[in-house]
Every structure is written in C-alpha cells, then in structure tokens.
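One letter stands for each residue in the lines below.
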Amino acid sequence: MNYALEVENLNFAYRKQLVLKDISFFIEKGQFISIIGPNGSGKSTLLKNLSNLYNPESGFIKVYGKDIKKYRTKELAKNISLVPQDTTISYDFTVFDIVMMGRFPYLDRFKKENEKDFKIVAEALKKTNTFHLRNRNINEISGGERQRVIIARALAQESEIIFLDEPTSHLDINHQIDLLNLLKQLNEEKGTTIILVIHDINLACRYSDKIILMDKGEIVSKGTPIEVITRKNIEKAYGLNVIVEENPYTDSLYIVPLSLNNSIDQNKKRNKKIHVIAGGGTSGEILSKLEEKGYDVSVGVVNVGDSDWQLAKKLSLDVVDERPFSAISEKSFKENMEAIGKSDVVILSSIPYGEGNLKNLEAAYNGLKMGKKVYLVNKYTKYDKFDYTEGEGLKILESMKKDGLIIINSIDQFTKEG
Ligand SMILES: Nc1ncnc2c1ncn2[C@@H]1O[C@H](COP(=O)(O)OP(=O)(O)OP(=O)(O)O)[C@@H](O)[C@H]1O
C-alpha cells in the first residue's frame, strides 16, 4: 500500500513529560482525516511532530514511504504544509507577501517570483475569500481573516498533504462551512490529503473519511466516523454522555451531548427508579433529562421504531415494546405493569390516546391505585385535547386526577423537586 503518511510507535515528551504515547496509524493518499479529542490530549503536539517541527523520543514518521527526517526542507515543503493553531505573525508583512511565502519551495535562490507564482497566489487569495485584503498588513486584520490568509498560504504552497490545527476556531459558521467545503474540494479534485485537528465532532463526522480520537496522549479509536463516534468512545475520551444520531440532511452522524458523567448524582442514580409511559415521540425531553439527572429510567409501552423507542434504545434504557404500528397487546401491558411495580415513580408524557394505546393510560392508573406517585407532564397540550377515544381516555384521566395524579408543565419541575 502506498501511504501518504505512516506513523509507528511514536513517543514524544516535553521535558521528560511523555505527551504522545505509542501512536501508530497509516493514512492513505487522498484521504480526509480529522483528529479529535479533549483539550490537552496531544492533538497539536501530534500535528507538530507530523510536520517535522519536533523530534520524537522514539518511533518514526514516513511521508510517502520516506523517513521525514531524511527530507530536505524544500522537498518536504512540497509534500506537506501546516496551518498552525496560532496564526500571529511577528512582522508587518502584507497579506499578499504572507501568501507568497507559500511559494518558497518552488523558488530558486536569488530568483524572483514569476508570473505563475503570482497567479497561484491570486487564486489562493480568491479561494479563501481574502483577495480584497491583499494589501493590508497581516497584523491589522481580524483573527478569522488571518486564519483564512494562513490557509491561503498553505494553498499557494501546493503541497500534497495539508495539516491544519483547528482551522475553523476563529471562523463564523458561514466561513467554517466555506473552508471545510474548500478543503473537501481540494481533497476530491486534486487528491490533496487533508489532516485537521478540529473540536467540532459533528463537522468532523460530516467531512471526514476517517477520524482519530485521542485522549491523554493515546489513540482511543481510529477508523470511519461510524466506527469511532460511539457513545462508549465519546464517554471514554470526554467523560460526556451523548446520543449519536444520523443526520438525514447530510447523511452523516452527529452527537447530542446530554451530560457530563461526573455531574450525575450517583446516589440518586442508584436510588430512584422512574417508569416513563411514552409514545408518539412525546418523551424525548423527558427521557434525556431524567437520564441526564442520573435516574434509573425504564420506558413502556412504545412501538418499535417510534422515536421514543429509538431514543430509549440509544440511552440503553429498559424498554417494554410492541410491534410497529400495533395496538398494545395483553402481554406487553403485563410487562408494563411489572415495570411500574418495580418503580418508585411513574411519569406520563402528553401522549395522544387512541384505541391502540389506551392500555398505557390504564397501566398508569393501575400504578396510582398501587400507591405509586404518578405525574403527567402536560407541556404543550391541555390533557383533555389529546383524547381520540371519544371520551374514554379523558374519563380515566379525570378519575386519576381525583385519585392524586400530579400535573406538571415540564419535566424540570419534577427533576428539581424529585
Ligand atoms: N510547549 C510545551 N511545553 C510543555 N508542555 C506542553 C507544551 N505544549 C503542550 N504541552 C502539554 O502537552 C499536552 C498536549 O498538548 P497539546 O497542545 O498537544 O494538546 P491538544 O490536544 O492540542 O489541546 P487543545 O485542544 O487544548 O489545543 C498538554 O498537557 C499540554 O499542557
């Protein structure tokens, strides 16, 4: 295999402090790679090693099969360029001069830039939307503009591999997408290998062929977004409880952060069991907030495929389910009752009731009769507006009210008190 980059058993230390530990990976030519991981996990240090700015303790880096240390400066610059995290420049160059510096690997000593160099620089300025800034002083433009100018310099360098350290950190959302699209275009049209450090996991998923997830100087996981962006890996690296979803608009994964694991009250988690009567996509907020607060949550009866069912599965909750689009059977009703029996509290979301799911309301009422605390989260609708059983559901709800049903407007009311 002809790799653009090979890294094997790389160890690097700042003053004896090991910051990269036994890093190994291979990158094929023409791939789009994101390196992600929490602050201080070693991403920038890795990129600086890959750009030959540092000397590792051990291990090796090969660029197109050749040891990076064996390249001459100009030869290496034709192969790799780096857009660093810190784009401040100590001298007062114009934007144009800075971008022209990207041409240095192609200029012979004492030879001036030629027509072609000027053309390439102008193109790079235009592509990064910085052409209008060309005569300005590099230190008298905004951070985001300077970031784009440094990217223009990398484009002018026409290297086959571009490393970028958080290239979107100073950019507004419009310029972020614009830049990532530009990198993707370079990647697809010219076969440029792109390796970038990025904090936005969702953008990483959207643009990358592969992702490298780092934590504490080590690689936690590497592979395609589907392989790397899992609840388990994100929890391991970031200590963050997330849901991983598929974005139907971009056909890529995205994460929804729920809570930091260390913010969950572990005692509460062990002590209180909540059964949520859900369905029809009415319980997303209830389930995620209860999970976030650390309660032991179960859900029922929900139809397989319903969005409440999907969320419950993603959160690894205990679920009593029924076949898709089917009425609640006697069997699942019984299972629901068992789950209610084991719970301290039952929470009903604002489910519209029809013939198919009236048994859920009956189950909640049974719970009330068993002496359980039962709450109805009546957030968006008045509870008498979601009855499609010609009054039967409403009758049960009215009886429940008399027997102690607690009506709240939002789940926050419960989590604050409960
Ligand atoms: N020049 C340096 N001298 C000593 N230690 C350093 C130096 N630069 C970084 N470190 C340390 O090395 C570790 C890795 O830092 P690095 O900048 O590579 O992390 P990172 O993943 O890029 O972080 P961030 O997301 O915050 O940019 C951190 O513990 C950091 O404090």
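Computed from a predicted model, the values in this text were never measured in an experiment.

### Some points on the nonpolar core
Among the nonpolar cores identified, the biggest contains 51 residues, and I36, V99, L164, L180, L183, L196 and I229 are the most heavily contacted of them. Per-element accounting of this core gives the leading share, 7 residues, to helix α5 (residues 143–156). Look past the residues within four positions of I36 in its chain and what remains in contact with it is K43, I198, I201, A204, I211, I212, L213, M214, I229 and Y238. One finds F25, V197, I212 and M214 within the second-largest nonpolar core, a separate group that totals 26 residues.

### So, the site of the ligand
Around the ligand, the structure places 14 residues, and the nearest of them are N39, G40, K43, S44 and T45. Within the side chain of K43, one N or O atom sits 2.7 Å away from an oxygen atom of the ligand. With respect to the ligand, the side chain of T45 contributes an N or O atom lying 2.4 Å from an oxygen atom. Calculation on the ligand without its partners gives an accessible area of 640 Å², and the protein chains cover 62% of this total. Considering every element that reaches the shell around the ligand, the biggest residue donor is helix α1 (residues 43–50), with 3 residues. Its residues assigned to classes, the shell around the ligand comprises 3 nonpolar, 8 polar and 3 charged.

### Some points on unusual backbone geometry
Phi is positive for D22, which is not a glycine, with a value near 55°. Tracing the chain through its elements places D22 in strand β2 (residues 17–28). Look at N52: it is not a glycine, yet its phi comes out positive at around 70°.

### Topic: the sheet that holds strand β17 (residues 373–377)
Each strand in a sheet pairs with its neighbour through backbone hydrogen bonds, running either in the same direction (parallel) or in the opposite one (antiparallel). Read across the sheet, 6 strands follow the order β15-β14-β13-β16-β17-β18 without closing on themselves; strand pairing throughout is parallel. The sheet is open, and its two borders are formed by β15 (318–322) and β18 (406–408), each paired with just one other strand. Going across the sheet, the axis of each strand differs from the next one's by a mean of 20°, ignoring polarity. Alignment of β17 against β18, held across 3 bridges, turns out to be parallel. Directly across from Y375, in β18, lies its bridge partner I406.

### So, the domain arrangement of the protein chain
What the domain assignment lists for the protein chain is domain 1 (3–258) and domain 2 (264–417). Of note, the centres of domain 1 and domain 2, computed from C-alpha atoms alone, are 48 Å apart. Counting residues at the interface gives 6 residues for domain 1 and 7 residues for domain 2. Contact with domain 2 buries surface across domain 1, with R231, I243 and L258 losing the most and accounting together for 71% of the total.

### Looking at the packing of aromatic side chains
For the structure shown, the criterion picks out 9 aromatic pairs. Taken together, a centroid distance of 6.2 Å and an interplanar angle of 65° make the contact between Y91 and F93 edge-to-face. Every member of this aromatic cluster is reached through a ring pair, and the members are F12, Y14 and Y54. Positioned above the aromatic ring of Y71, the side-chain terminus of K66 is 4.6 Å from the ring centre. Above the ring of F131, the side-chain terminus of R134 is found at 4.0 Å from the ring centroid.

### Section: a negative patch on the surface
On the surface, a cluster of negative charge is made up of E355, E362, E390 and E392. Looking at the secondary structure, you find E355 in the loop between β16 (345–348) and α14 (358–369). Under the relative-accessibility criterion, E355 is labelled exposed at 63%.

### Section: the environment of L180
If you trace the backbone, L180 turns up in helix α6 (residues 173–189). The spatial distance from the C-alpha of L180 to the C-alpha of Y64 is 25 Å, given a sequence separation of 116 residues. Apart from the residues lying within four places of it in its own chain, the contact partners of L180 are F32, T168, L196, I198, L203 and Y207.

### A closer look at the packing of helix α4 (residues 115–127) against α5
Contact pair α4 / α5: the axes reach a minimum separation of 8 Å and the direction vectors enclose 140°. In terms of their interaxial angle, α4 and α5 are classed as oblique. Judged by the sense of rotation from one axis to the other, the crossing of α4 with α5 is right-handed. The residues of α5 that touch α4, namely those facing I120, V121, A124, L125 and K127, are A152, L155 and A156. For the contact of α4 with α5, the residue count by class is 7 nonpolar, no polar and 1 charged.

### What about the environment of Q176?
Summarising the element assignment, Q176 is placed in helix α6. Beyond its immediate stretch of four places on either side in the chain, Q176 contacts T168, L171 and L203.

### Quick look at the pairing of strand β4 (residues 58–63)
As paired strands, strand β1 (residues 3–14) and β4 are joined by 5 bridges and run antiparallel to one another. When the bridges of β4 are listed, N11 appears paired with S58. One ladder, built from 2 bridges, connects β4 with strand β5 (residues 66–67); its direction is antiparallel. What sits directly across from K62, in β5, is D67. Following β4, the chain reverses through 2 residues before pairing antiparallel with β5; Y64 in that reversal takes a positive phi of roughly 45°.

About the thresholds
- Residues numbered from 1 in each chain as written.
- Predicted model: local features only at pLDDT ≥ 70, side-chain atom pairs only at ≥ 80, totals over all residues.
- Heavy atoms only, no water.
- Core = buried A, V, L, I, M, F, W, Y, C linked by side-chain atoms within 4.5 Å.
- Buried < 20%, exposed > 50% of the residue type's maximum accessible area, 1.4 Å probe, protein only.
- Helix = DSSP H or I, 4+ residues; strand = E, 2+ residues; numbered from the N terminus.
- Contact = heavy atoms within 4.5 Å.
- Near = heavy atom within 4 Å.
- Polar contact = N/O pair within 3.5 Å; in protein donor to acceptor, adjacent residues only side chain to side chain.
- Areas by Shrake-Rupley, 256 points an atom, 1.4 Å probe, with all protein chains shown as cover.
- Nonpolar A, V, L, I, M, F, W, Y, C, P; charged D, E, K, R; others polar.
- Pairing = 2+ DSSP bridges.
- Axes fitted to C-alpha atoms, helices over the stretch in contact; angles between N-to-C directions.
- Domains from an automatic or database assignment.
- Buried area = accessible area lost by both parts, 1.4 Å probe.
- Phe/Tyr/Trp six-rings, centres within 6.5 Å; stacked < 30°, edge-to-face > 60°.
- Lys NZ or Arg CZ within 6 Å of the ring centre and 35° of its normal.
- Patch = residues over 30% accessible without salt bridge, like charges linked within 9 Å, V, L, I, M, F, W, Y side chains within 5 Å.
- Salt bridge = Lys/Arg side-chain N within 4 Å of Asp/Glu carboxyl O.
- Lys, Arg positive; Asp, Glu negative; His and termini not counted.
- Charge placed at Lys NZ, Arg CZ, Asp CG, Glu CD.
- Parallel < 35°, antiparallel > 145°, perpendicular 65-115°, else oblique.
- Left-handed = near helix turned anticlockwise from the far one by under 90°.

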